[in-house]
Amino acid sequence: RSGGYLDPTQAYHGHDSYTKQTHELRVASPSTDRLRLVAGLFFQRQTDRIVADYVIPGLAGIPNSPAVPKAGDDIFATRAYRVDRDYAAFIDGSYDITPNLTLSGGIRAFIANNTFVGFSGFASAVTQPNCIAVSASDRVCNNFNKKAVQSGETHRANLTWRIDPERLVYVTYSTGYRPGGNNRRPGINPYQPDTLDNYEFGFKTTWFDRKLRLNGAVFYEKWKKLQYGLSPVGSAGVTNIYNAGDARVYGVEADAGLKL
């Protein structure tokens, strides 16, 4: 056929080795005080060692082989190492304006430091100018070595009115932040953080001696620089992450439970 055929002897092997360590120091004032505070420090380190083999058995043994050097019979190979480091400091507080009215808020400042180094591509990538020889036994060179360092803060403010022991209403303003990172393909820039501003009004109630639970909320969100994954034509199936633009979210939610 003009379209060729798929060779059933071809195979794919993928392997990821993950590590993760998290440390947090937290101090808190007595929960019975009118003014309550929680503060702390946070550190997290995550790694991912990536091995991906697209194998055609016997490929390395043919003359002028297109096999990736140091990768056996691979027509396409990935050997990469990713490290994500997160540092943060935070403080959160609540103050009872009256016994039934509480104002709370908090702020979290952080730094994200991400690195991504290794090789991914066909044998032709080895001869490209950006392929740097390394001593690693599992790859002949690095064709990407990227670093993304970002910092920011998130915060929130909340006012809660407890109408009675069974019912409360609240209003909240909060922000969200998702760190950016590095794209694997050479020539593709790191992607930037995306952020969220959330405005919400809601209620939490129980009725009929707590047999019926009814909660609900309305919210509006502003999402900036949203992250979007895409595999463009010519990318060999590798997904790139881009900042696609801004979005707005309008929502209503509710949940109910009945105890029989």
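Quick look at the structure, then. Every value quoted in this text rests on a predicted model; they were computed, and no experiment measured them. (Residues numbered from 1 in each chain as written. Predicted model: local features only at pLDDT ≥ 70, side-chain atom pairs only at ≥ 80, totals over all residues. Heavy atoms only, no water.)

### Considerations on the sheet that holds strand β13 (residues 247-258)
Heads up, the condition is: The criterion for strand pairing is that DSSP finds at least two bridges linking the strands in question. Put simply, DSSP H or I for four residues or longer makes a helix, DSSP E for two residues or longer makes a strand, and each gets a number counted from the N terminus. A fitted line through C-alpha atoms represents every axis, and for helices the fit uses only the stretch in contact; the resulting angles, taken between N-to-C directions, go from 0 to 180 degrees.
One open sheet accounts for nine strands, arranged β1-β2-β3-β4-β7-β8-β9-β10-β13; its pairing is antiparallel. A single partner strand is all that each edge strand has here, and the edge strands are β1 (11-28) and β13. Neighbour-to-neighbour, the strand axes of this sheet turn through a mean angle of 15 degrees, independent of strand direction. As defined by bridge partners, strand β9 (residues 194-207) adjoins strand β10 (residues 212-224) across 13 bridges and the pair is classed as antiparallel. When the bridges of β10 are listed, leucine 196 appears paired with tryptophan 223.

### Comments concerning the pairing of strand β4 (residues 101-121)
Here strand β3 (residues 74-98) runs beside β4; their pairing, made up of 21 bridges, is antiparallel. For threonine 78, the partnering residue across the bridge sits in β4 and is serine 120. The loop that links β3 with its antiparallel partner β4 comprises two residues. The pairing of β4 with strand β7 (residues 144-164) spans 18 bridges and is antiparallel. Across the sheet, alanine 109 pairs through a bridge with glutamate 153, a residue of β7.

### Some remarks on the packing of aromatic side chains
Defined as follows: Aromatic rings from Phe, Tyr and Trp, taking only the six-membered ring of Trp, are treated as a pair when their centres fall within 6.5 Å; an angle between ring planes under 30 degrees marks them as stacked, one over 60 as edge-to-face, and anything in between as tilted. Residue exposure (1.4 Å probe, protein chains only): buried if accessible area is under 20% of the type maximum, exposed if over 50%, otherwise partly exposed. Here, a charge over a ring means that NZ of Lys or CZ of Arg falls within 6 Å of the ring centre while also lying within 35 degrees of the ring normal.
One pass over the structure, following the stated rule, counts nine aromatic pairs. Taking 5.3 Å as the distance between ring centres and 40 degrees as the angle between the ring planes, the aromatic pair formed by phenylalanine 43 and tyrosine 87 counts as tilted. With phenylalanine 43 in strand β2 (residues 35-55) and tyrosine 87 in strand β3, this residue pair connects regions lying 44 residues apart in the sequence. Taking 6.0 Å as the distance between ring centres and 20 degrees as the angle between the ring planes, the aromatic pair formed by tyrosine 199 and tyrosine 220 counts as stacked. Taken together, the positions of tyrosine 199 in strand β9 and tyrosine 220 in strand β10 put the pair 21 residues apart, joining distant regions of the chain. In this structure tyrosine 220 comes out as partly exposed when scored by relative accessible area, which is 26%. The rings of Tyr12, Tyr54, Phe76 and Phe122 are connected pair by pair, giving a single aromatic cluster. Above the face of the phenylalanine 42 ring, arginine 108 is positioned so that its terminal group lies 5.1 Å from the ring centre. Of note, arginine 167 hangs over the ring of tryptophan 207, and the distance from its end group to the ring centre comes to 4.3 Å.

### Section: the state of the cysteines
Keep this limit in mind: The disulfide criterion is simple: two cysteine sulfur atoms within 2.5 Å.
Counted by the stated rule, this structure contains one disulfide. One disulfide bridge connects cysteine 131 with cysteine 141, the sulfur atoms lying 1.7 Å from each other. Of this pair, cysteine 131 sits in the loop between β4 and β5 (132-133) while cysteine 141 sits in strand β6 (residues 141-142), placing them ten residues apart in sequence. The exposure class assigned to cysteine 131 is buried, which follows from its relative accessible area of 14%. Residue class for cysteine 141 comes out buried when judged on its relative accessible area of 3%.

### Quick look at unusual backbone geometry
Even without glycine at this site, lysine 70 takes up a positive phi of about 65 degrees. Note on placement: lysine 70 falls in the loop between β2 and β3.

### Focus: the side chain of threonine 154
Rules: Any two residues having at least one pair of non-hydrogen atoms within 4.5 Å are treated as being in contact.
For threonine 154, the position within the fold is in strand β7. The residues touching threonine 154, leaving out its near neighbours within four places in the chain, are Gly106, Ile107, Arg108, Phe110, Thr175, Gly176 and Tyr177.

### Brief notes about the pattern of salt bridges
Convention followed: What makes a salt bridge here is a side-chain nitrogen of Lys or Arg within 4 Å of a carboxyl oxygen of Asp or Glu, nothing more.
Following the criterion strictly, the structure yields eleven salt bridges and no others. A salt bridge links arginine 26 to glutamate 24, with the nearest nitrogen and oxygen atoms 2.7 Å apart. Residue classification places glutamate 24 among the partly exposed residues on the basis of a relative accessible area of 42%. Here the salt bridges do not stand alone but share partners, grouping Asp53, Asp74 and Arg79 into one network.

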